[in-house]
Amino acid sequence: MQEQMLTDEHRMFRDAFRKFVEKEIAPYHAQWEKEGQVDKRIWRKAGENGFLGMDVPEEYGGLGVKDFRYNTLIAEELTRVGASGVGYGLHNDIVIPYVLDYGTEAQKQAWLPKLASGEWVSAIAMTEPNTGSDLARVRTTAVRDGDEWVINGQKTFITNGIHSDFVIVVCKTKQDAGAHGISLIVVEEGRAGFERGRNLEKIGLHAQDTAELFFRDVRVPVTNLLGAKTRAFTT
Ligand SMILES: Cc1cc2nc3c(=O)[nH]c(=O)nc-3n(C[C@H](O)[C@H](O)[C@H](O)COP(=O)(O)OP(=O)(O)OC[C@H]3O[C@@H](n4cnc5c(N)ncnc54)[C@H](O)[C@@H]3O)c2cc1C
């Protein structure tokens, strides 16, 4: 980012994050590349130091600063040392904004503090073995049974897949409706039937856990629906 785009607050944040990267990430990254994943403890450490969920309001445990320049500084500093395996970007730039923009008050209270603290690592599970670009063809289903959704299906290439504690799963909640039958449903670590598959080998990003996820009769409360039902493709 061009220097004139930054204020003194941004520079202080960048300096603090640069020191964090030099101490907690750079010395270990080559080893993490061999292991195919980072040490999960760097998530908590990042949360403790204010490097997760910067735009999460303070009442939910964040810094309360809605300014994407902070997210960009994180990406730049990780890139500077080649730390391609650290999945803060997916967490900060993609998953948390879904909760901020579409979460109910109860969902924000329940989920955001854990995401901003690094207690929970997040992922978003769209892609399936036969469904990449044409996302409307996902086969993972969520069927309502009383006060629960029952989810069945499989996902692949999921960033933070091995470490994830909080996964936004793209599911079909209405059959034969194409893009108009798809919803977002959150599955948390520990739900029966939620399992990890392989941590996939890639030509790069060796320290990033990009994995398969399986959902076999996974039950979550209906309150785990994120945003409006069947409106995942529209606002
Ligand atoms: C490192 C990594 C991390 C990822 N992380 C995630 C994640 O966190 N969550 C997630 O859900 N997914 C993730 N993905 C998956 C990614 O979103 C998919 O790979 C992507 O959507 C493409 O799908 P596909 O691989 O099935 O390719 P395909 O859809 O099979 O496409 C193959 C090729 O065909 C082209 N193509 C497809 N359709 C058309 C068309 N109609 N006309 C012309 N060309 C076409 C595409 O541009 C591409 O070049 C990740 C992938 C990688 C490699």
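This text goes with the structure placed above it.
The following paragraphs examine the structure supplied in this document. (Residues numbered from 1 in each chain as written. Predicted model: local features only at pLDDT ≥ 70, side-chain atom pairs only at ≥ 80, totals over all residues. Heavy atoms only, no water.)

### A word on helix α3 (residues 68-80)
Residues spaced three or four apart along an α-helix face the same direction, because each turn holds 3.6 residues.
Move 1: With 13 residues, α3 extends 18 Å between its outermost C-alpha atoms, agreeing within 8% with the 18 Å of an ideal straight helix rising 1.5 Å per residue.
Move 2: Within the sequence span of α3, burial applies to Tyr-70, Asn-71, Leu-73, Ile-74, Glu-77 and Leu-78. Mapping the buried residues of α3 onto a view down its axis gives an arc of 160°, with all of them on the same face. In α3, the exposed residues that point more than 90 degrees away from the buried face are Phe-68 and Thr-79.
Move 3: In this structure, the buried residues of α3 make contact with α1 (8-35) and α4 (88-102).
Move 4: Following α3 by one or two positions, Gly-82 adopts a phi angle in the positive range, close to 70°. (Helix = DSSP H or I, 4+ residues; strand = E, 2+ residues; numbered from the N terminus. Expected span 1.5 Å × (residues − 1). Buried < 20%, exposed > 50% of the residue type's maximum accessible area, 1.4 Å probe, protein only. Arc of directions from axis to C-beta. Contact = heavy atoms within 4.5 Å.)

### A closer look at the site of the ligand
Move 1: Close to the ligand lie Ile-124, Ala-125, Met-126, Thr-127, Gly-132, Ser-133, Phe-157, Ile-158, Thr-159, Lys-202, Leu-205 and Thr-210.
Move 2: In this structure, a nitrogen atom belonging to the ligand sits 2.7 Å away from a side-chain N or O atom of Thr-159.
Move 3: Here the ligand, which alone exposes 970 Å², has 41% of that area covered by the protein.
Move 4: Among the elements that line the shell around the ligand, the one with the most residues is strand β3 (residues 148-159), at 3 residues.
Move 5: The residue inventory of the shell around the ligand, partitioned by class, reads 6 nonpolar, 5 polar and 1 charged. (Near = heavy atom within 4 Å. Polar contact = N/O pair within 3.5 Å; in protein donor to acceptor, adjacent residues only side chain to side chain. Areas by Shrake-Rupley, 256 points an atom, 1.4 Å probe, with all protein chains shown as cover. Nonpolar A, V, L, I, M, F, W, Y, C, P; charged D, E, K, R; others polar.)

### Quick look at the packing of α1 against helix α2 (residues 41-48)
Move 1: Here α1 crosses α2 at 165°, and the two axes come no closer than 12 Å. Regarding the angle of α1 to α2, the classification is roughly antiparallel. For the pair α1 and α2, the crossing hand works out as left-handed. Counted together, Phe-20, Glu-24 and Trp-32 of α1 and Ile-42, Lys-45 and Ala-46 of α2 form the full contact between these two elements.
Move 2: Class assignment for the residues of the contact of α1 with α2 results in 4 nonpolar, no polar and 2 charged. (Axes fitted to C-alpha atoms, helices over the stretch in contact; angles between N-to-C directions. Parallel < 35°, antiparallel > 145°, perpendicular 65-115°, else oblique. Left-handed = near helix turned anticlockwise from the far one by under 90°.)

### Quick word on the packing of α1 against α3
Move 1: Interaxial distance between α1 and α3 falls to 10 Å at its minimum, and their mutual angle equals 35°. Like other packed secondary-structure pairs, α1 and α3 cross with a definite hand, here right-handed. Seen from α1, the contacting residues are Glu-9, His-10, Phe-13, Arg-14, Phe-17, Arg-18, Val-21, Glu-22 and Ile-25; seen from α3, they are Arg-69, Tyr-70, Leu-73, Ile-74, Glu-77, Leu-78 and Arg-80.
Move 2: Of the residues contributing to the contact of α1 with α3, the split by class is 8 nonpolar, 1 polar and 7 charged.

### Re the pattern of salt bridges
Move 1: For the coordinates displayed, the defined rule picks out 18 salt bridges.
Move 2: Residues Glu-24 and Lys-23 are paired through a salt bridge, measuring 3.3 Å at the closest nitrogen-oxygen approach.
Move 3: A relative accessible area of 59% means that Lys-23 is categorised as exposed.
Move 4: Among the salt bridges present, the one from Glu-128 reaches Lys-155, with a minimum N-O distance of 2.9 Å. You can see Glu-128 sitting in the loop between β1 (122-125) and β2 (141-145) and its partner Lys-155 sitting in strand β3, a full 27 residues away along the chain. Pair check on accessibility: Glu-128 and Lys-155 agree, each one buried.
Move 5: Residues participating in the shared-partner salt-bridge network are Glu-3, Asp-8, Arg-11 and Arg-14. (Salt bridge = Lys/Arg side-chain N within 4 Å of Asp/Glu carboxyl O.)

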